[in-house]
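A closer look at the structure
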Amino acid sequence: MSDKPEPLFVDLHDNSKPAEIESMCMRCQENGTTRMLFTKIPHFKEIIIMAFECPHCGFRNNELQSAGAFNEKAQTVTCKVSGKEDLDRQLVKSDFAAVKFEEIDLEVPASRRRGLLTTIEGLIGNVIDDLEVGQPVRKHTDENVYNQIEAILAKLRSYQEGQQPFTLTIDDASGNSYIENKCLPAQDPKLTIKWHKRTAEEDAFLGLQHQEEQQQQQQPDVEGDEVPEVMTFPANCSHCNAPSTTNMHVMDIPHFKEVVIMATNCEHCGYKSNEVKAGGPISAQGKRITLKITDTEDLSRDILKSETCGLSIPEIDLELTPGTLGGRFTTVEGLLRQVHDELEERVPFMHGDSTTDESRKRWDDFLKRLSEVADGQRIPITLVLDDPLANSYLQNLYAPDDDPEMTIEMYDRDWETNESLGLNDMKLEGYEKDQANKN
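Rules and cut-offs
Residues numbered from 1 in each chain as written. Predicted model: local features only at pLDDT ≥ 70, side-chain atom pairs only at ≥ 80, totals over all residues. Heavy atoms only, no water. Pairing = 2+ DSSP bridges. Helix = DSSP H or I, 4+ residues; strand = E, 2+ residues; numbered from the N terminus. Axes fitted to C-alpha atoms, helices over the stretch in contact; angles between N-to-C directions. Buried < 20%, exposed > 50% of the residue type's maximum accessible area, 1.4 Å probe, protein only. Lys, Arg positive; Asp, Glu negative; His and termini not counted. Salt bridge = Lys/Arg side-chain N within 4 Å of Asp/Glu carboxyl O. Polar contact = N/O pair within 3.5 Å; in protein donor to acceptor, adjacent residues only side chain to side chain. Contact = heavy atoms within 4.5 Å. Phe/Tyr/Trp six-rings, centres within 6.5 Å; stacked < 30°, edge-to-face > 60°.

Before going further, it helps to spend a moment on the sheet that holds strand β15 (residues 258–265). Hydrogen bonding along the main chain pairs the strands of a sheet, whether they run parallel or antiparallel. Strand order across the open sheet formed by 4 strands is β13-β14-β15-β16, with antiparallel pairing between neighbours. The sheet is open, and its two edges are formed by β13 (230–236) and β16 (272–278), each paired on a single side. Sheet twist, expressed as the mean angle between neighbouring strand axes with direction ignored, is 25 degrees.

With respect to the helices, strands and loops of the structure, R328 is situated in strand β21 (residues 328–331). Buried and unpaired, R328 has E342 as its nearest opposite-charge partner, separated by 5.4 Å. Within the structure, the side chain of R328 is placed 3.1 Å from the side chain of Q338, a separation counted as a polar contact. When near neighbours in sequence (up to four residues on either side) are disregarded, R328 contacts N274, E275, V276, I303, L304, K305, L335 and Q338.

How two aromatic rings sit relative to each other is set out by the distance from centre to centre and by the angle between their planes. Inspection of the entire model under this criterion finds 6 aromatic pairs. On the numbers, 6.5 Å between centres and 25 degrees between planes, the contact of F101 with Y159 is stacked. Here Y159 lies in helix α4 (residues 143–160) and F101 lies in strand β7 (residues 97–101), a separation of 58 residues in the sequence. Of the two residues, F101 and Y159, neither departs from the other in class, the shared state being buried.

A sheet is described by the order of its strands in space; here 3 strands give the open sequence β9-β6-β11, paired in antiparallel fashion. Bordering the open sheet on either side are β9 (116–119) and β11 (178–179), each of which pairs with just one other strand. The sheet contact formed by strand β6 (residues 90–93) and β11 spans 2 bridges and is antiparallel. Bridge assignment links L91 to a residue of β11, and that residue is I179. Against the sheet, helix α2 (residues 120–132) touches β6, β9 and β11, its axis set at about 115 degrees to β9.

Have a look at this one:
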């Protein structure tokens, strides 16, 4: 007989087989079995898959929990679903994500904390199952509520069967939810992904300290002294969540504007990142910069891509929506390599069993073309930066004269763009009078 005690907790990192734990069934209160498996979705992140089965009443349930770090920003993913092909899209909903069906104004709140790895059709089925619970009781206790829920269930069933188009939105404070892109490497016209800085409420929901509060607590006392050239703030690594440091430096780019550069270097996991914030007032117009890259020397141009800037290279079907990569100050070559690494690491569903050989080959060919551009083997090409806030910059090798290879176009933003940037609700004049009237 061995004197070694049984371990209190099972090591889930041994993912050769699932761990089994006896647990109570929430339906019949008898004991069932929960199986847990620690695994990693290729190009996504580490997750824990849990499946429960009760041998007494037949009840089954499965859910997914994140086992990795939160993303740097929150995200909103919107998908226009119009048929069976869209219903088959694979979907990852983290346990911090809220789901909304726009046309019927139905929202499943994030407070339910239930992560899922499924399809859009499977997600609808889960919502239907949740709504059906308690309907027999409601029919006798509150028939009005029963009828309202039945109307919603009828709509959801029509969505599930592909009879009606609808819009699905996933709003995730952790930034760890995904809906499959069917058009990779190109942008999916039915899919919209928007990244945004987390609010204080979202940070509190995730159990994080809000960035502004953290900076206020950690701001050094420099009253009466000059601000140091590089300021250092303690923070947590966005990759492994271990304590790390962030360095901040304010610099002036000639022929452009003042910017703030922030760099993080984690000693625990080796993760490095840099981000750039543009200073100064909001531009009255957007800016579109087009560069004809005709020589490898063009790849060494300095480039500042703000977090609101979109990037495209038509010749290789590359198109990045605003918010991808955040703000970056590097060279053209460095930015293209960062784009390559980011897409290769973060695009899910490209190496799983559900991916077709044709889709996988198309994606690999795209990444190969992108690498060839960064290596200077595929030129000439056209690089387009489109920044609605005009906070992006591309080095002019002929400054202060015009660059014959570069075109800069200023344009007026439309209402939808201003709305997405939060500019329509800004009031810069007369706000003192409005505040006085409120008081």
